[in-house]
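# Secondary and tertiary structure notes
The chain contents come next:
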Amino acid sequence: MKIQPLERLARTHTCGELGLDDDGKEVVLLGWVHRLRDLGSLAFLDLRDRHGVTQVIARDNPALVEAVQSLRPEYVVAVLGTVERRAPESVNPKIRTGEIEVALREVRLLNDAKTPPFPIADEGPVAEDTRLKYRYLDLRRSRMQRNMILRHRATMEIRKYFDEQGFLEIETPMLTKSTPEGARDYLVPSRVHPAEFYALPQSPQIFKQILMISGLDRYFQIVKCFRDEDLRADRQPEFTQVDLEISFATESLVFATIEPLMDRLLRLIGRAAKYPFRRLPYAEAIAKYGSDKPDLRCGMELVGLAEAFQGSPFPPFRAALDAGGDVRGFVIPGAAKYSRSQLDELGELAKQFGASGLVWARRPEGTPQSPALKTAGEDAIRAALDAAACGPEDLLVMAGGRHYQTCTMLGQLRLHLAKKMNLLDPDRFEFLWVVDFPMFEWLEEENRYEFMHHPFTAPLESDASRLEADQGSVRARAYDLVLNGSEIAGGSIRIHDQALQRLIFRLLKISDEEAKLRFGFFLDALEYGTPPHGGIAIGLDRAVAILCGESSIRDVIAFPKTAQAVDLMAGAPSTVSAKQLRELHLKTN
Ligand code: ASP
């Protein structure tokens with residue numbers, strides 16, 4: 001068949017909308033050849049567009065049957081025909097158009113196509129590098145189309161919601177100055193100003209605070225942010241945030257703004273969120289779950305066992321407690337029956353997560369059993385089993401050491417087991433606010449404190465008096481929203497007082513000079529009547545991935561980069577011409 005122009009041909013319907021009500025209509029459908037079935041004297045063509053698939057049948061006309069037989073998957077065609085009710089035995093309840101088919105009157109080839117490197121119609125697995133290289137084809141597949149559509153629905157819902165709540169969407173610059181979010185900047189050399197650079201924003205943080213100073217009251221933006229980090233599996237060098245800032249904000253006001261939005265997003269997939277969400281101080285999150293983004297779907301809370309082993313000579317726990325550390329453990333439900341090798345495997349896992357050792361205990365028939373029974377003493381083991389409420393079917397695992405390290409090691413083991421035991425129900429949505437984060441984090445190698453969130457975060461009022469005397473103990477008015485073990489949003493109440501902001505820079509060992517150079521404009525702005533304010537940013541990619549049931553954010557980003565920060569389709573990054581380098585006053589070697 002020869003390729004023909006579209007001319008004035010207009011589609012009457014999409015491939016996803018015809019039903020019994022359309023029986024007898026003359027229609028024009030435009031789309032891609034999804035599947036072909038050749039039955040000799042008749043031929044079926046499944047025609048696809050973003051809206052769905054419609055079955056087209058060619059029969060009683062050898063030239064038409066032959067025309068369909070000459071097509072190939074992914075050819076672009078126009079179909080002209082009549083809607084007909086399908087015979088009851090050929091109704092396909094799985095697709096929206098499954099009750100009808102289109103009897104073909106004419107087919108026009110609008111464009112042909114090379115054989116794709118992977119089939120579009122069949123949803124089988126394809127290597128991710130191949131999918132990314134041919135992203136235009138990957139995006140034709142139904143899973144990716146569904147993800148893009150849901151992402152669109154989510155962003156529309158977000159815009160509608162914030163508009164209703166009196167927020168203004170305001171754009172902030174992409175070519176700007178460094179914002180300290182703790183990552184490396186992507187820099188853009190200036191041609192006009194030799195040896196000077198713009199930074200791509202790590203977030204609009206400073207600008208949104210300035211918008212509050214400007215009296216704009218409530219700001220939001222769906223915005224790209226750029227962070228040049230060593231990429232972990234789940235990071236992208238450019239990612240999207242739903243960024244917001246509120247004047248006269250308190251934590252409760254920020255939470256009350258975000259919680260109904262989460263509910264509205266879940267309603268897009270037929271779910272709902274129960275709010276208000278739980279709130280958990282950071283210290284408790286670490287102590288109970290060994291993580292600052294705990295997954296609440298699987299129980300198995302960590303418990304403190306220091307008291308149980310207080311009088312016990314068991315060497316590893318004795319050493320930990322004498323050094324001011326901790327002994328903690330958790331109960332694995334139904335694991336009393338673990339075999340020798342399963343118990344050994346648990347010990348191995350704990351070592352991989354950094355433990356020096358893991359001790360188990362159980363009491364299937366009431367009498368405690370544990371490899372540490374003799375050295376630790378039966379009373380101590382019994383007290384530990386009691387403290388952890390370990391039933392006859394269960395197994396208690398315990399470890400000792402420094403508090404934080406012991407908690408996070410057990411936390412990793414907890415999550416690993418929860419996944420293995422299928423305890424993380426994908427249909428449950430457990431939201432949690434983690435609050436009262438430490439303000440600073442000690443950097444051992446650099447012998448200094450670094451901010452935990454960013455340097456504009458306010459300290460808890462009750463802790464502010466200790467800023468100079470006991471910096472490490474100060475907690476921040478920072479909060480994270482956690483959903484099923486993923487941090488999906490983070491923010492804080494900000495410093496709105498210039499003197500406090502200067503003190504924080506000083507405590508972070510940012511000199512007055514450096515502060516002036518980096519944030520001088522912002523420090524100046526703070527002096528002109530800054531309202532108390534606070535905000536948050538939602539990681540849109542992760543939030544949408546959860547809605548889509550995808551584990552990788554790459555599956556909800558149209559054109560993502562690989563874990564090596566490469567765009568396999570466009571071939572970026574790439575070298576540039578010597579002329580471009582000269583114009584930018586740059587030299588490479
Ligand atoms: N700018 C912060 C971030 O990107 C969010 C916030 O504090 O609002 O994580």
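All of the points below concern the structure found in this document.

About the thresholds
- Residues numbered from 1 in each chain as written.
- Predicted model: local features only at pLDDT ≥ 70, side-chain atom pairs only at ≥ 80, totals over all residues.
- Heavy atoms only, no water.
- 1 Å grid on protein atoms, 1.4 Å probe; cavity = no way out; pocket = protein on both sides within 12 Å on 5 of 7 lines; lining within 4 Å.
- Points joined across faces, edges and corners; volume = space filled by probe spheres on them.
- Helix = DSSP H or I, 4+ residues; strand = E, 2+ residues; numbered from the N terminus.
- Nonpolar A, V, L, I, M, F, W, Y, C, P; charged D, E, K, R; others polar.
- Pairing = 2+ DSSP bridges.
- Contact = heavy atoms within 4.5 Å.
- Axes fitted to C-alpha atoms, helices over the stretch in contact; angles between N-to-C directions.
- Salt bridge = Lys/Arg side-chain N within 4 Å of Asp/Glu carboxyl O.
- Buried < 20%, exposed > 50% of the residue type's maximum accessible area, 1.4 Å probe, protein only.

### Topic: empty space enclosed by the protein
This model, assessed by the stated rule, comprises five cavities of 30 Å³ or more. Estimates place the volume of the largest cavity at around 60 Å³. The wall of the largest cavity is formed by Met 262, Leu 265, Leu 266, Phe 431, Leu 483, Ile 488, Ala 543, Ile 546 and Leu 547. At the level of elements, helix 6 (251–267) and helix 15 (540–548) are the ones that each hand at least two residues to the lining of the largest cavity. Residues that form the lining of the largest cavity fall into these classes: nine nonpolar, no polar and no charged. Roughly 40 Å³ of volume is contained in the second largest cavity.

### A short note on the sheet that holds strand 12 (residues 303–304)
Reading across from one edge, 12-13-15-14 is the order of the four strands in this open sheet, with antiparallel pairing throughout. Each edge of the open sheet is held by one strand with a lone partner, namely strand 12 and strand 14 (359–361). The sheet contacts of helix 12 (residues 403–420) involve strand 13 (326–332) and strand 15 (395–401), and relative to strand 13 the element is tilted by about 10°.

### Some remarks on the pattern of salt bridges
Evaluated as defined, the whole model comprises 48 salt bridges. The salt bridge partner of Glu 345 is Lys 420, with a shortest N-O separation of 3.3 Å. Of this pair, Glu 345 sits in helix 9 (residues 340–352) while Lys 420 is found in helix 12, placing the two residues 75 residues apart along the sequence. By relative accessible area, which is 41% here, Glu 345 ends up partly exposed. Residue class for Lys 420 comes out exposed when judged on its relative accessible area of 53%. With a closest N to O distance of 2.9 Å, Glu 468 and Arg 506 form a salt bridge. Residue Glu 468 is found in the loop between strand 18 (448–451) and strand 19 (478–483), and its partner Arg 506 is found in helix 13 (residues 498–507); the two are separated by 38 residues along the sequence. Given the relative accessible area of 55%, Glu 468 is considered exposed. The structure contains a network of salt bridges with shared partners spanning Arg 131, Arg 135, Asp 138, Arg 143, Arg 146, Glu 550 and Asp 555.

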